[in-house]
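The primary structure of each chain is shown beneath.
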Amino acid sequence: MTAECDAELDTSGLFCPEPVMMLHNRINDVAPGKILRVVATDPSTTRDIPRFCQFLGHELVSQVERDDRFIYLIRRGD
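For every chain, the first residue of the written sequence is number 1, and numbering continues from 1 onward in sequence order. Thresholds applied to this predicted model are a pLDDT of at least 70 for local features of residues and 80 or more for the giving and counting of side-chain atom pairs; totals over whole chains, interfaces and linings are not thresholded and use all residues. Note: side-chain values were computed over all heavy atoms of the structure, leaving out hydrogens and water.

J.: Looking at this model, I keep getting lost on the overall build of the chain. Mind explaining?
T.: Broken down by element type, the chain carries 2 helices and 4 strands. Note that the radius of gyration is over C-alpha atoms, with the globule rule given as 2.2 Å times the number of residues to the power 0.38. The globule rule puts the C-alpha radius of gyration for 78 residues at 12 Å, and the 11 Å found for the chain is close to it. Taken over the C-alpha atoms alone, the chain extends approximately 30 × 25 × 15 Å along its principal axes. To sort residues, take the accessible area from a 1.4 Å probe on protein chains only and compare it with the maximum for the residue type: under 20% means buried, over 50% means exposed, and anything in between is partly exposed. The 78 residues of the chain split such that 37% are buried. Note on contacts: a residue pair qualifies if any of its non-hydrogen atoms lie within 4.5 Å across the two residues. In the chain, 66% of the contacts between residues at least 6 apart in sequence involve partners at least 24 apart. Working definition of accessibility: Shrake-Rupley area with a 1.4 Å probe, residue cover restricted to the visible protein chains. Per element, the accessible surface of the chain, about 4600 Å² overall, is 49% carbon and sulfur. Charge counting treats Lys and Arg as positive and Asp and Glu as negative, with His and both chain ends excluded. Charge placement uses NZ in Lys and CZ in Arg. For Asp and Glu, CG and CD serve respectively. If you average the places of the 9 positive and of the 13 negative side-chain charges in the chain, the two averages end up 3 Å apart. The helix and strand labels rest on DSSP assignments: H or I over at least four residues marks a helix, E over at least two residues marks a strand, and numbering proceeds from the N terminus.

J.: Where do I start with empty space enclosed by the protein in this structure?
T.: Vacant regions in the atomic arrangement are exposed by a probe of water-molecule size rolled over the atoms. Whether a set of points on the 1 Å grid over the protein atoms alone is a cavity depends on a 1.4 Å probe fitting there but being unable to get out, while an open set qualifies as a pocket with protein on both sides within 12 Å along at least five of seven lines; lining residues are those with an atom within 4 Å of a point. Grid points are joined across faces, edges and corners, and a volume is the space filled by probe spheres set on the points. Counted by the stated rule, this structure contains 1 cavity of 30 Å³ or more. Approximately 30 Å³ is the volume found for the largest cavity. Lining the largest cavity, in full, are Cys16, Pro17, Pro19, Val20, Asp42, Ser44, Thr45 and Asp48. Residue assignment for the lining of the largest cavity shows that the elements contributing at least two residues are helix H1 (18–26) and helix H2 (45–56). Under the grouping applied here, Gly and all other residues not named as nonpolar or charged are polar, the nonpolar ones being Ala, Val, Leu, Ile, Met, Phe, Trp, Tyr, Cys and Pro and the charged ones Asp, Glu, Lys and Arg. Along the lines of polarity and charge, the residues of the lining of the largest cavity split into 4 nonpolar, 2 polar and 2 charged.

J.: Please explain the sheet that holds strand S1 (residues 7–10) as it appears in this structure.
T.: The sheet built from 4 strands is open, its strands ordered S1-S2-S4-S3 with mixed pairing. With partners counted over all chains shown, the strands left at the sheet margins are S1 and strand S3 (59–66), one partner each. Averaged over all adjacent pairs, the angle separating strand axes in this sheet is 15°, with direction ignored. To get an axis, a line is fitted to the C-alpha atoms, and for a helix only the part in contact is used. The angle between two axes follows their N-to-C directions and goes from 0 to 180 degrees. H1 contacts S1, strand S2 (35–40) and strand S4 (69–75) of the sheet and is inclined by roughly 160° relative to S1. Here H2 sits on the sheet in contact with S2, S3 and S4, set at roughly 5° to S4. At least two DSSP bridges between two strands are needed for those strands to be called paired.

J.: What am I meant to see in the side chain of His58 here?
T.: Along the chain, His58 falls in the loop between H2 and S3. Side-chain polar atoms of His58 contact the backbone nitrogen of Gly77, separated by 2.9 Å. Setting aside chain neighbours within four positions, we find His58 in contact with Ile27, Phe52, Cys53, Ile74, Arg75, Arg76 and Gly77. Each polar contact in these results corresponds to two N or O atoms within 3.5 Å; when the atoms are within protein, one needs to be able to donate a hydrogen and the other to accept it, and residues that are neighboring in sequence are counted only if both atoms are side-chain atoms.

J.: Explanation requested: the pattern of salt bridges in the structure shown.
T.: Where charged atoms from two side chains of opposite charge come close, those side chains can pair. Salt bridges are defined by distance alone: a side-chain nitrogen of Lys or Arg within 4 Å of a carboxyl oxygen of Asp or Glu. Throughout the structure, instances matching the rule amount to 4 salt bridges. Between Arg37 and Glu8 there is a salt bridge whose closest N-O contact spans 2.4 Å. Of the two residues, Arg37 sits in strand S2 while Glu8 sits in strand S1, which places them 29 residues apart along the sequence. The exposure class assigned to Glu8 is partly exposed, which follows from its relative accessible area of 27%. Of the charged contacts in the structure, one is a salt bridge between Arg47 and Asp48, with a shortest N-O distance of 2.9 Å. What makes Arg47 partly exposed here is its relative accessible area of 40%.

Below, the structure is given as structure tokens:
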């Protein structure tokens with residue numbers, strides 16, 4: 001886990017819809033206002049995770065691609 005996040009979820013190797021389903025469960029373990037770092041390898045997460053955040057009121061703080069991994073920082077909404 002890095003200093004910029006409060007919790008982490010690694011969905012490497014999983015494909016749609018598993019990463020978002022796991023995110024849906026894991027975000028509930030994070031207190032409102034805290035940051036969850038999500039690591040994924042499925043390119044469809046670049047579409048699915050921003051939509052997830054938009055629909056459920058979470059803030060997508062950052063989204064980067066590094067070494068064939070997609071890394072998201074999500075601030076849990078209220």
